[in-house]
Amino acid sequence: MKFRCEKKDLQTAVLNVSRVAPSKSPIPALEGILIETFSKGIKLTAYDMKIGIYTSIDADVFEEGSTVLPARFLSELIRRLPDGLVMLECDDRFNATIVCGKTEVNVTGYDPEDFPALPEVNSLRSVSIPETLLKDMINQTIFAVSTSETRPLYTGILFEVTEDELTLVAVDGYRLAKRSEVMEDAHMEIFSFVIPGSSLSEVERICSSESKKSVVIYHGEKHSSFEIGNTVLITRRLEGEFMNYRKSIPNSFRYELIVEREELMKVIDRVSLVIKDKQNSPVKMIAENGNMEFICTTAFGHAEDSCLCEGDGEGLRIGFNDRYFMDALKAANEEKLRICMNSPAAPIIIEAAEGGKYLYMVLPVRLREND
């Protein structure tokens, strides 16, 4: 195998796939990147038996072939090479010589026959969504994905597809994040599926914030794939019955307060400084007429602060986890938010003041009688 390509193209391709390759695997070849040539370029593949990513770039191919090179080493090497053309040549023992400018590096590769084949996605259904939009939707929900393997289904995000709308939902038992988007001029089949959060983190990373292209999501029998330009990510799905999240979201509220998002974030950030990592002390909110007061008392210290709001909470006192609340505020992208509540024991709902495409629900923390 022998080819030549631009360093920047190779660096981007290696970056897109290398994070999937495990650092340690019972199959040594999986610790590497499979490099294969085709008529006008090369294909790079990484796979950890759960997530597989492959991408293609243009290259001058002088001799066809394939090899598997260590992913971490290759990523660091390409990053440190000077700009310009990279020549990669591999012998029949899969050992590679990489030359760029005055730099020449030799590295031992693996037999590509030892690299497991990626699963095929026999597409049953598909949905297309603008790349930048999918990136935003994942970003605004993935923080609420569960990290506990006791309920594997909730370590993923639910994709609900209707005829003209796509909805993403994440839950972890303490909070819920929901993001919906109407797909104009779309006539889609109705179906739903759950994609692991780890896979969607890679999808979000690969998606560009500036691209005008669309991502095509293919839904197969056991796997789904995300086609992002020249890059394809294949992932297993999580099987099971996702919670009926609609029943968890209150339909009406006794208290609705409008608040400036940036100011609210600053206040909670200051008050929560007295909470240390090993403490589970809640922040107490007292919602009054035109004012929201926040109080936190821990063994470390005591903090109070407040911000203005529109509406009257009639003195409602409610406790919440500062990190869960802040995650929701950071993910929201509106200047003004609506904070909806019913009682100290009912969920807190956060959404855009003018109504919108996202909704966050945070369960309250029970306050002690003397709080």
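Residues numbered from 1 in each chain as written. Predicted model: local features only at pLDDT ≥ 70, side-chain atom pairs only at ≥ 80, totals over all residues. Heavy atoms only, no water.

## Things to note about the nonpolar core
One recurring pattern in soluble globular proteins is that nonpolar side chains are buried together. Of all hydrophobic cores here, the largest spans 99 residues; its most connected members are Phe159, Phe226 and Phe294. Apart from residues no more than four positions distant in its own chain, Phe159 is found in contact with Leu134, Leu166, Thr167, Leu168, Phe191, Ser192, Phe193, Ile195, Leu200, Ile217 and Phe226. By size, the runner-up hydrophobic cluster in this structure holds 15 residues, among which are Val194, Phe242, Cys340 and Met361. (Core = buried A, V, L, I, M, F, W, Y, C linked by side-chain atoms within 4.5 Å. Buried < 20%, exposed > 50% of the residue type's maximum accessible area, 1.4 Å probe, protein only. Contact = heavy atoms within 4.5 Å.)

## Notes on the pairing of strand β13 (residues 175-182)
Most of β13 is tucked away, with six of its eight residues classed as buried. Pairing analysis gives seven bridges linking strand β12 (residues 165-171) to β13, with the strands arranged antiparallel. Considered in β13, the bridge of Glu165 is made with Val182. Linking β12 to β13, which pair antiparallel, is a turn of three residues; within it Gly173 sits at a positive phi near 95°. In this structure, β13 lies alongside strand β23 (residues 358-362), joined through five bridges in antiparallel fashion. Paired with Arg175 across the bridge in β23 is Val362. (Helix = DSSP H or I, 4+ residues; strand = E, 2+ residues; numbered from the N terminus. Pairing = 2+ DSSP bridges.)

## Brief notes about the state of the cysteines
One pass over the structure, following the stated rule, counts zero disulfides. Cys309 forms no disulfide, and the closest cysteine sulfur to it belongs to Cys307, at a distance of 6.7 Å. In this structure Cys309 comes out as buried when scored by relative accessible area, which is 11%. (Disulfide = S-S within 2.5 Å.)

## What about unusual backbone geometry?
Positive phi values are uncommon outside glycine, yet Phe94 reaches one of about 70°. Within the fold, Phe94 resides in the loop between β7 (85-90) and β8 (96-100). The phi dihedral of Glu314 falls on the positive side, at around 55°, and the residue is not glycine. For Glu314, the location among the structural elements is in strand β20 (residues 302-320).

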